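Each chain is listed here by its residues.
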Number of protein chains: 4
Amino acid sequence: LRRCRAAVMTAFGSPLEIVDFPLPEVIQPGAALVKVEMAGVCGTDVHLWKGQLPIQLPVILGHETVGRLVSVGEGLQLDWDGQPLAVGDRVTRNSSRSCGVCHYCRRRLPTRCLERKAYGISYPADAPPYLSGGFAEYIHLQPGTAIFRLPDGLETEQVIGSGCALVTAIHGIERVGIDWGDSVLIQGAGPVGIAALAVALSAGASRVGVIGGPARRLEMARRFGAEMTIDLDAIPDPAVRRDVATEWSGGYGADVVIECTGSPPAVAEGWPLCRDGGRYLVLGHYADAGETPLNPHLITRKELTVYGSWGSEPRHTSAGLKFLRRAAAQFPFQEMVSDRFDLSRANEALRAMESWSARKSVVIPE
Amino acid sequence: LRRCRAAVMTAFGSPLEIVDFPLPEVIQPGAALVKVEMAGVCGTDVHLWKGQLPIQLPVILGHETVGRLVSVGEGLQLDWDGQPLAVGDRVTRNSSRSCGVCHYCRRRLPTRCLERKAYGISYPADAPPYLSGGFAEYIHLQPGTAIFRLPDGLETEQVIGSGCALVTAIHGIERVGIDWGDSVLIQGAGPVGIAALAVALSAGASRVGVIGGPARRLEMARRFGAEMTIDLDAIPDPAVRRDVATEWSGGYGADVVIECTGSPPAVAEGWPLCRDGGRYLVLGHYADAGETPLNPHLITRKELTVYGSWGSEPRHTSAGLKFLRRAAAQFPFQEMVSDRFDLSRANEALRAMESWSARKSVVIPE
Amino acid sequence: LRRCRAAVMTAFGSPLEIVDFPLPEVIQPGAALVKVEMAGVCGTDVHLWKGQLPIQLPVILGHETVGRLVSVGEGLQLDWDGQPLAVGDRVTRNSSRSCGVCHYCRRRLPTRCLERKAYGISYPADAPPYLSGGFAEYIHLQPGTAIFRLPDGLETEQVIGSGCALVTAIHGIERVGIDWGDSVLIQGAGPVGIAALAVALSAGASRVGVIGGPARRLEMARRFGAEMTIDLDAIPDPAVRRDVATEWSGGYGADVVIECTGSPPAVAEGWPLCRDGGRYLVLGHYADAGETPLNPHLITRKELTVYGSWGSEPRHTSAGLKFLRRAAAQFPFQEMVSDRFDLSRANEALRAMESWSARKSVVIPE
Amino acid sequence: LRRCRAAVMTAFGSPLEIVDFPLPEVIQPGAALVKVEMAGVCGTDVHLWKGQLPIQLPVILGHETVGRLVSVGEGLQLDWDGQPLAVGDRVTRNSSRSCGVCHYCRRRLPTRCLERKAYGISYPADAPPYLSGGFAEYIHLQPGTAIFRLPDGLETEQVIGSGCALVTAIHGIERVGIDWGDSVLIQGAGPVGIAALAVALSAGASRVGVIGGPARRLEMARRFGAEMTIDLDAIPDPAVRRDVATEWSGGYGADVVIECTGSPPAVAEGWPLCRDGGRYLVLGHYADAGETPLNPHLITRKELTVYGSWGSEPRHTSAGLKFLRRAAAQFPFQEMVSDRFDLSRANEALRAMESWSARKSVVIPE
């Protein structure tokens with residue numbers, strides 16, 4: 001029996017352990033086995049590792065992967081976009097599977113599917129079908145997974161460098177909408193903030209500013225087209241930041257403000273950054289970081305619209321991959337990949353994201 | 001010189017004083033003088049009286065009025081809807097005037113006009129053009145006021161009984177939208193809640209529930225078509241109210257929840273009452289009642305959209321008056337008028353609203 | 001082997017033939033066998049019979065059915081709405097099945113599924129799984145069919161009386177949208193026009209007028225709440241009809257005009273009936289009735305928006321069944337069923353619809 | 001008395017005549033006198049000259065102008081965007097004035113204002129206030145005109161080179177909407193087509209193709225970012241053009257198709273170029289070019305949405321001027337200005353547009 005290694009989280013906050021798993025002998029119809037080439041470490045992985053989301057252990061983390069198809073179950077002939085699939089193809093996938101028949105799937109809200117499961121998050125490592133996370137030599141994809149074949153012109157680093165931050169941003173910006181010529185302010189300069197910046201600019205925003213830190217992340221934001229950045233370290237007083245941001249946006253506030261921090265007080269800081277009649281997107285709160293004092297009167301008086309969006313759908317992945325190809329020159333997502341670790345050092349990859357020392361760290365199994 | 005009386009608020013929280021004013025000798029082009037037949041007392045008047053909004057004193061309160069045109073300035077020949085205007089006509093008006101040329105008026109947001117002024121709120125009683133509030137024998141309407149002639153079939157009590165609550169609800173529901181067949185939950189059974197109930201039902205909601213009190217207000221809610229009511233006095237525990245409301249809405253939450261209470265904690269109670277992907281309207285927070293703990297993660301996880309709306313535009317008044325006529329049988333707004341006071345007792349009219357003892361009190365100058 | 005009878009169309013325009021079919025011995029997983037209680041004859045059946053749609057013969061017509069579950073395949077435990085299903089339940093279904101994985105299904109347009117099939121239309125009568133049309137004693141439902149259990153309070157005549165006209169109207173009006181207070185003009189007083197009238201009124205229209213005929217259909221329109229009707233027989237001149245309609249709508253045209261005739265020249269008559277900035281829905285052109293002279297300048301000058309919608313999705317059936325229950329008093333769809341025929345007289349049922357002599361004819365197999 | 005010259009159209013199709021007019025001695029409050037630096041010739045001017053729009057003669061043509069303020073009426077202190085105005089400023093303006101109080105102005109549709117007037121189109125040359133067209137040494141702007149001060153960084157050639165084509169495209173694309181990543185096909189490569197291309201690309205389209213001619217216009221389209229062009233001269237058969245366009249768009253049709261030709265048969269060619277569920281904008285039919293055979297069944301079966309838009313609002317001019325500045329590098333509108341004529345040769349300027357020999361001709365009074 002062939003075997004492979006995976007990095008398993010057995011306890012919150014403890015180092016991941018390298019564990020041996022048997023490779024599946026038979027691939028079921030519709031399923032696939034993928035040899036992982038690169039797995040991204042996402043901010044959510046850090047939240048999961050800290051126990052801030054209610055998941056079951058043990059688990060193989062890693063919900064962003066690119067790899068090669070090594071085995072394809074019967075009937076799996078086309079990728080989600082209708083392209084033919086064959087052993088040897090380089091592929092990625094949407095991280096989640098929806099059931100298609102529950103209350104929310106029926107109502108066009110598959111991201112809130114009552115049976116939703118995500119690779120690297122929801123599948124226990126010690127139960128079949130095993131190998132359901134990305135920090136591993138192989139990942140097993142169940143039937144119904146939205147698989148995407150990667151064309152030659154699209155680098156693995158682009159896909160992993162944009163990661164689930166990109167599809168999250170695409171979904172969120174679909175929700176909040178960018179009108180042609182909108183001014184956009186982004187709170188947060190991590191992967192989600194950078195992705196939101198790229199999507200907002202390419203969706204019609206006339207100008208985008210970013211509030212965040214540290215300095216090297218803001219530098220990347222400017223490289224991606226931010227017209228203005230406000231460094232939290234340089235301007236620690238939210239009132240001063242607000243003055244700077246409001247002046248930048250012409251005195252009335254931005255048309256759209258996008259929260260990409262995951263920090264609850266950012267929302268209180270963010271609502272006043274909107275112009276009256278503006279829109280606000282809560283994009284960074286995948287994890288539950290608790291309550292914060294907010295004033296509902298602001299929503300009324302400023303006639304705000306506040307949007308939330310959760311995860312992504314396969315169509316967002318499909319759109320994201322096309323975007324990565326056509327906008328590669330303008331948005332160098334491959335440069336987001338700053339720190340590379342082999343599988344045995346998956347812990348270090350996690351810590352590099354936790355400490356904000358990496359723009360984005362990745363695991364390269366071999 | 002002819003004179004008239006008005007009830008003037010000279011200090012927050014103090015009794016209104018009856019003061020004599022000279023009637024204007026000449027009506028300027030585009031302006032009008034109206035003999036007040038009935039003025040409604042709105043919840044906002046109570047907030048103003050308590051000093052919860054930043055206004056200048058002295059002021060003649062009263063922003064809901066019906067009266068007869070006694071003098072019409074040159075050039076004022078048509079009402080806002082294009083109907084001819086003549087001395088003797090019974091009229092009402094939108095309570096606010098926008099400038100038409102500021103940053104927000106240019107951008108189709110006249111409710112956030114930078115020069116916005118409201119009768120009964122923003123005009124000092126001791127400065128020209130005087131007589132700019134409704135608790136008075138006469139009210140002076142400046143050029144550019146959106147005046148509406150009332151047709152014979154529409155009773156003064158319908159107009160005042162619905163008051164600015166109706167146009168506020170029309171504007172808010174225009175913002176949040178009601179899809180055909182939506183289930184709607186309303187928080188609050190005061191005039192705004194009742195108006196929101198009527199508008200939601202006539203806008204395509206399949207069923208509407210109301211959470212509020214006291215019991216006689218909920219009785220009125222049922223009379224207006226509420227399918228289900230939850231009495232705050234009977235169920236003081238928000239967790240139990242949530243269970244009842246969620247079960248009523250089929251287990252997943254309501255499609256739309258409308259806050260009509262003005263109480264900040266109602267928002268924290270309200271977000272979980274929405275189904276995932278649902279919409280929430282903050283309609284009751286015209287006054288600033290301060291911050292409350294809220295969890296942004298809920299907006300993300302439930303993919304909520306939260307809307308605010310401020311005041312109303314003349315087109316909402318126009319639509320509201322048509323609605324009152326066509327839906328009179330289904331929605332007896334005239335029955336909202338529960339307590340009548342003459343001008344000298346305007347204080348008591350205010351207190352009847354403050355204590356929730358009246359459904360709606362009105363001032364009838366003579 | 002048990003057998004049953006069905007009315008088969010073997011040649012366009014020729015009488016349907018009663019043919020004997022064997023009942024399936026085994027019901028596959030997810031499939032179901034239903035004993036037909038009532039099948040509606042739809043205008044589309046007439047078009048099909050006349051050969052105006054490109055279908056394969058022989059076929060068992062009938063895409064609107066209510067019947068009893070007599071056999072249920074393994075795994076079919078819940079209806080589309082999540083209600084438990086059991087042998088003996090009275091059920092209906094959406095007439096079409098989409099594949100869920102094609103280009104359009106992926107893009108949330110299942111009505112344009114590249115593999116879409118409809119009962120009573122797309123399945124040849126002489127090939128397995130047989131019995132795929134409603135003019136028969138039994139109908140066989142394949143896996144993936146959107147089945148709906150009918151609650152006791154909902155009569156079979158309500159479901160068949162509203163038929164696919166109702167779900168078609170629900171889909172179309174979802175597309176065109178009804179804003180609160182809109183005036184709506186409907187062209188056509190057949191089943192689709194009557195259904196559009198009911199949906200528009202319950203979706204927030206303030207007033208609805210109907211242009212059509214003959215007189216008894218307009219009588220039904222008034223019974224369903226039409227404020228004004230224009231009889232094509234009484235006013236044969238389109239220019240005069242336009243004058244009457246425009247005056248009714250206040251001089252500027254209706255906010256929304258809905259074409260429910262299937263006649264191309266109705267579109268040329270209809271565009272000018274819209275107010276400037278109005279919306280027009282082409283709802284009646286399921287069959288291809290050819291080109292007609294139209295002036296694109298009208299779309300530009302009047303700033304129209306013209307919508308099309310095709311068929312319906314299961315969620316429209318779900319919404320329609322709920323609507324039938326709650327609005328039964330206001331919209332007596334059961335009264336649409338005017339002419340009943342047993343299976344051997346299915347031809348006469350078709351002809352009663354072709355000649356407009358019936359509001360709606362139905363086939364009751366026994 | 002000072003006098004100036006203007007080119008007057010006294011009869012349709014006849015040469016413009018140079019006529020002397022007195023300059024106004026007094027500028028009324030809110031009005032302004034502008035010395036024309038450059039006036040663009042628009043395709044609409046050709047239609048007007050040919051008598052294809054119902055206007056009153058004599059008229060001074062020219063609705064696109066840039067000039068210097070030489071006299072400013074009392075009270076005119078700010079431009080439409082709130083920037084201070086002073087004699088000597090270089091300005092442009094929206095070509096039309098709306099009344100602000102009619103049925104359509106009240107309903108947020110000022111482009112359909114019942115009293116709408118356009119410079120260079122609706123004002124007779126022989127009646128006060130005279131000088132209301134752009135082919136003249138001076139143009140007189142009435143109170144209420146939306147005037148815009150041009151910043152130093154914005155060249156006159158950019159403003160005239162984009163002309164009313166740009167604001168027309170901005171308005172139209174606001175109507176049809178561009179979703180992030182949409183594929184867009186444009187019919188027509190004249191000024192409106194080129195402007196629509198620029199706006200669509202900057203509004204989020206992933207790729208834009210253009211069908212039109214002649215070759216040098218398509219060259220300009222590629223310079224503005226068209227990914228694909230189809231030359232009408234090279235492919236005269238619409239069926240072949242459709243095959244090419246459909247293949248380009250991936251086999252299903254484009255998400256959005258924008259008609260910018262003014263030719264009625266283009267609409268019949270255009271609808272099938274949309275994917276199912278796609279959107280179509282009729283942008284080129286400002287003039288009434290008559291009926292054309294169209295098939296309403298296509299709208300139904302393909303679930304199209306067809307939009308019209310008329311002229312533009314001042315907010316579109318405001319947005320357009322900002323766009324010209326920020327996107328100057330990508331979209332060289334100044335290069336659209338190909339042929340320059342002094343006032344005495346205004347006829348030739350018209351003919352250069354009529355014959356399609358010029359990309360865009362302009363009149364430079366001196």
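Not measured: the values here are computed from a predicted model.

Trainee: Explain the interface of chain A and chain D to me, and be specific about the residues and the numbers.
Mentor: The interface is formed by 11 residues belonging to chain A together with 11 residues belonging to chain D. Where chain A packs against chain D, one counts zero salt bridges. Within the residue set of the side of chain A that touches chain D, elements represented by two or more residues are helix 4 (191-202) and helix 9 (314-326) of chain A. A per-element tally of the side of chain A that touches chain D places helix 9 of chain A first, with three residues. Here the side of chain A that touches chain D is built from residues that sort into six nonpolar, four polar and one charged.

Trainee: An account of the relation of the copies chain A and chain D is needed here, citing residue identities and associated values.
Mentor: Between the two copies, chain A and chain D, the superposition gives an RMSD of 0.0 Å; the rotation angle is 180° and the shift along the axis is 0.0 Å. Taken together, the rotation and translation relating the two chain copies correspond to the operation of a two-fold axis. Interface overlap between copies is the fraction of interface residues in one copy that are interface residues in the other; for chain A against chain D it reaches 100%, indicating a shared surface.

Trainee: Describe in detail the packing of helix 4 (residues 191-202) of chain B against helix 5 (residues 215-223) of chain B, supporting the description with residues and values.
Mentor: Residue and element names in this part refer to chain B. Between helix 4 and helix 5, whose axes approach to 10 Å, the crossing angle comes to 15°. Comparing their axes, helix 5 and helix 4 come out roughly parallel. Considering only the axes of helix 4 and helix 5, their crossing is right-handed. Residues Pro 191, Ile 194 and Leu 197 of helix 4 lie in contact with helix 5, whose contacting residues are Arg 217, Met 220 and Ala 221. Split by residue class, the contact of helix 4 with helix 5 holds five nonpolar, no polar and one charged.

Trainee: With reference to specific residues and values, describe the pattern of salt bridges.
Mentor: Tallied over the full model, the rule gives 84 salt bridges over all chains. Here Arg 112 of chain C makes a salt bridge to Asp 276 of chain D, at a shortest N to O gap of 2.7 Å. Here Asp 276 of chain D lies in strand 15 (residues 274-282) and Arg 112 of chain C lies in the loop between helix 2 (103-106) and strand 8 (117-118), a pairing that spans two chains. Asp 276 of chain D carries the same exposure label as Arg 112 of chain C, and that label is buried. When salt bridges with common partners are traced through the structure, they connect Arg 108 of chain A together with Glu 174, Glu 313 and Arg 315 of chain C into a single cluster.

Trainee: I'd love a proper account of the interface of chain D and chain C, names of residues and values included.
Mentor: Opposite the 39 residues of chain D that make contact, chain C presents 39 residues. Summing both partners gives a buried area of about 3,600 Å² for chain D against chain C, and 57% of it is carried by carbon and sulfur. Summed over the three residues of chain D that lose the most area to chain C, namely Tyr 252, Thr 300 and Glu 303 of chain D, the buried surface amounts to 18% of that side. The interface formed by chain D and chain C contains two salt bridges. Remark: the boundary between chain D and chain C carries 31 residue pairs in polar contact (both at pLDDT 80 or more). Elements supplying a minimum of two residues to the side of chain D that touches chain C: helix 2 (103-106), helix 3 (156-176), helix 7 (264-270), strand 15, strand 16 (292-294), helix 8 (296-301) and strand 17 (305-308) of chain D.

Trainee: Please provide a residue-by-residue account of the sheet that holds strand 4 (residues 59-60) of chain A, values included.
Mentor: With antiparallel pairing, the three strands of this open sheet are ordered in space as 2-1-4 (chain A). Each of the sheet's edge strands pairs with one partner strand only, and the pair in question is strand 2 (17-22) and strand 4 of chain A.

Trainee: Could you give me a rundown of the pairing of strand 3 (residues 32-40) of chain B, with the residues and numbers involved?
Mentor: Residue and element names in this part refer to chain B. Counting buried positions along strand 3 gives seven out of nine residues, so the element sits mostly inside the fold. By the bridge criterion, four bridges tie strand 3 to strand 9 (residues 138-141) in an arrangement that is antiparallel. Paired with Ala 32 across the strands is Leu 141, a residue of strand 9. Of the strand pairs in this sheet, strand 3 and strand 19 (residues 361-364) are connected by two bridges, and their pairing is antiparallel. By the bridge assignment, Gly 40 is partnered in strand 19 with Val 362.

Trainee: So what about the pairing of strand 1 (residues 3-9) of chain B? Which residues, and what values?
Mentor: All names here are of chain B. The element strand 1 is extensively covered by neighbouring structure, given that five of its seven residues are classed as buried. Note: strand 1 against strand 2 (residues 17-22), six bridges, orientation antiparallel. Pairing of Ala 6 across the sheet is with Val 19, part of strand 2.

Cut-offs used in this document
- Residues numbered from 1 in each chain as written.
- Chains lettered and ligands numbered in written order.
- Predicted model: local features only at pLDDT ≥ 70, side-chain atom pairs only at ≥ 80, totals over all residues.
- Heavy atoms only, no water.
- Contact = heavy atoms within 4.5 Å.
- Salt bridge = Lys/Arg side-chain N within 4 Å of Asp/Glu carboxyl O.
- Helix = DSSP H or I, 4+ residues; strand = E, 2+ residues; numbered from the N terminus.
- Nonpolar A, V, L, I, M, F, W, Y, C, P; charged D, E, K, R; others polar.
- Least-squares fit on C-alpha atoms with pLDDT ≥ 70 in both.
- Axes fitted to C-alpha atoms, helices over the stretch in contact; angles between N-to-C directions.
- Parallel < 35°, antiparallel > 145°, perpendicular 65-115°, else oblique.
- Left-handed = near helix turned anticlockwise from the far one by under 90°.
- Buried < 20%, exposed > 50% of the residue type's maximum accessible area, 1.4 Å probe, protein only.
- Buried area = accessible area lost by both parts, 1.4 Å probe.
- Polar contact = N/O pair within 3.5 Å; in protein donor to acceptor, adjacent residues only side chain to side chain.
- Pairing = 2+ DSSP bridges.

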